[in-house]
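Inside the fold
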There are 2 protein chains.
Amino acid sequence: MSKINNTSFGEYIKQLREDKHLPLRKIAAELDIDTSTLSKIEKNERNASEQVIERLSEIFEIDKGELKVRYLSDKITYQLLEEKDGIEILKVAEQKIKYYKKNDKH
Amino acid sequence: MSKINNTSFGEYIKQLREDKHLPLRKIAAELDIDTSTLSKIEKNERNASEQVIERLSEIFEIDKGELKVRYLSDKITYQLLEEKDGIEILKVAEQKIKYYKKNDKH
DNA sequence: TTGTGTTTTGACAAGAACTGTCCAAATTTA
DNA sequence: TAAATTTGGACAGTTCTTGTCAAAACACAA
């Protein structure tokens, strides 16, 4: 199983930021976004763009792929949380992705 | 593993419709949507609303839950098809959903 | 407590994405 | 060929997302 825990994307980057005792203001400046936007990203109230994710991975020196996994898994979780058959939906999606990858259809 | 094959949602309902030799026009009327909209749904170019999915399940006498699984797994597959770590993202999402369900947090 | 820096919230306009709708072109069927 | 079916493009209306700003709420040292 994966080692990524159940911390949300927002909570995770907030944690990274606080570990380094940096204010939102500073990170937001480095990301070239508004402080309030970053605040909302940390509270999972706004999307993080591809660019923001990339810069975050640089700033905190973490793998970009891992960060994307955290981000996108969060989004999918959110989409399925109210669904009765959430887990089955994921299983079927997994089959489909494997099928498409196998057959080179992207 | 699930028994749902790798047919897309659109292809699937198109198949159901053609098996009964019914024109788009008729089904669209029953769904109370435009013929061209149904055409696009069958080609996966438009979203199917909750209501449309429900009516489709009635018209073709299939389980609504299964139809939703087909529909939503398609959407998720599409979101992840270009991602390098698609499968891992699904695994992490699965953990998260289980975690939330266990802790009753919806 | 006041003052200073930080974080959160709500509002707003601009832009993007999605919807239902119509019509004409293309395709299929008879 | 003619009729029916299917598809594609265009359109306005709506909803959702975005970046931006300013004020409110908060934390906390002096």
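Rules used throughout
- Residues numbered from 1 in each chain as written.
- Chains lettered and ligands numbered in written order.
- Predicted model: local features only at pLDDT ≥ 70, side-chain atom pairs only at ≥ 80, totals over all residues.
- Heavy atoms only, no water.
- Contact = heavy atoms within 4.5 Å.
- Buried area = accessible area lost by both parts, 1.4 Å probe.
- Salt bridge = Lys/Arg side-chain N within 4 Å of Asp/Glu carboxyl O.
- Helix = DSSP H or I, 4+ residues; strand = E, 2+ residues; numbered from the N terminus.
- Nonpolar A, V, L, I, M, F, W, Y, C, P; charged D, E, K, R; others polar.
- Near = heavy atom within 4 Å.
- Polar contact = N/O pair within 3.5 Å; in protein donor to acceptor, adjacent residues only side chain to side chain.
- Axes fitted to C-alpha atoms, helices over the stretch in contact; angles between N-to-C directions.
- Phe/Tyr/Trp six-rings, centres within 6.5 Å; stacked < 30°, edge-to-face > 60°.
- Buried < 20%, exposed > 50% of the residue type's maximum accessible area, 1.4 Å probe, protein only.
- Expected span 1.5 Å × (residues − 1).

To continue, consider the interface of chain A and chain B. Between chain A and chain B, the contact holds 39 residues from the first and 39 residues from the second. Interface of chain A and chain B: buried area, both sides summed, is about 4,000 Å²; carbon and sulfur atoms make up 63% of it. Taken as a group, Asn6, Lys96 and Ile97 of chain A account for 16% of the area that chain A buries against chain B, more than any other trio of residues on that side. The interface formed by chain A and chain B holds six salt bridges in total. We note a salt bridge from Lys91 of chain A to Glu94 of chain B, for which the minimum N-O separation is 3.1 Å. When residues of the side of chain A that touches chain B are traced back to their parent elements, those giving at least two are helix H5 (64-80) and helix H6 (86-102) of chain A. Among the elements that make up the side of chain A that touches chain B, the one with the highest residue count is H6 of chain A (15 residues). For the side of chain A that touches chain B, the per-class residue count stands at 15 nonpolar, ten polar and 14 charged.

What follows deals with the protein's contact with DNA strand D. Around DNA strand D sit 16 residues in total, of which Ser36, Thr37 and Arg46 of chain A together with Leu24 and Ser36 of chain B are the nearest. Within 4 Å of the protein, the contacting atoms of DNA strand D are drawn from sugar and phosphate to the extent of 48%. A distance of 3.0 Å separates a phosphate oxygen of DNA strand D from a polar side-chain atom of Arg17 of chain B. In this structure, Arg25 of chain B approaches DNA strand D through a side-chain N or O atom, which is 2.8 Å from a phosphate oxygen. Elements that contribute at least two residues to the surface near DNA strand D include exactly helix H3 (35-42) of chain A together with helix H1 (9-19), helix H2 (24-31) and helix H3 (35-42) of chain B. A breakdown of the residues in the surface near DNA strand D according to their chemical character gives two nonpolar, five polar and nine charged.

Another point: the environment of Ile87 of chain B. Inspection of the secondary structure assignment puts Ile87 of chain B in helix H6 (residues 86-102). Separated by ten residues in sequence, Ile87 of chain B and Thr77 of chain B place their C-alpha atoms 9.8 Å apart. Setting aside its immediate chain neighbours within four residues, Ile87 of chain B contacts Glu94, Ile97 and Lys98 of chain A.

Once that is clear, we can look at the protein's contact with DNA strand C. Close to DNA strand C lie 15 residues; Leu24, Arg25 and Lys43 of chain A together with Thr37 and Arg46 of chain B are nearest. When atoms of DNA strand C within 4 Å of the protein are sorted by moiety, sugar and phosphate together comprise 46%. Here Ser36 of chain B contributes a side-chain N or O atom positioned 2.9 Å from a base nitrogen of DNA strand C. Those elements giving two or more residues to the surface near DNA strand C turn out to be helix H1 (9-19), helix H2 (24-31) and H3 of chain A together with H3 of chain B. A per-class count over the surface near DNA strand C returns two nonpolar, five polar and eight charged.

Let us now look at the packing of H1 of chain A against H5 of chain A. All names here are of chain A. At a minimum axis distance of 9 Å, the contact between H1 and H5 shows a crossing angle of 140 degrees. Facing Phe9, Tyr12 and Ile13 of H1, the residues of H5 in contact are Glu66, Leu67, Arg70, Tyr71 and Asp74. Classifying every residue of the contact of H1 with H5 by side-chain character gives five nonpolar, no polar and three charged.

The next subject is the packing of aromatic side chains. Residue and element names in this part refer to chain B. Applying the stated rule across the entire model yields four aromatic pairs over all chains. Taking the centre distance of 5.0 Å and the plane angle of 70 degrees together, the rings of Phe9 and Tyr71 count as edge-to-face. One end of the pair, Phe9, is in helix H1; the other, Tyr71, is in helix H5 (residues 64-80), with 62 residues separating them in the sequence. Both residues of the pair, Phe9 and Tyr71, count as buried.

Turning next to H5 of chain A. Across its 17 residues, H5 of chain A extends 24 Å between first and last C-alpha, which sits within 8% of the 24 Å expected from 1.5 Å per residue. Buried residues dominate H5 of chain A, accounting for twelve of its 17 residues. Buried within H5 of chain A are the following residues: Gly65, Leu67, Lys68, Val69, Arg70, Tyr71, Leu72, Ser73, Asp74, Ile76, Thr77 and Leu80 of chain A. Looking at the buried residues of H5 of chain A, the elements they touch are H1, helix H4 (50-59) and H6 of chain A together with H5 and H6 of chain B. Between the side-chain oxygen at the start of H5 of chain A and the backbone nitrogen of Gly65 of chain A there is a gap of 3.1 Å, and the oxygen is on Asp63 of chain A.

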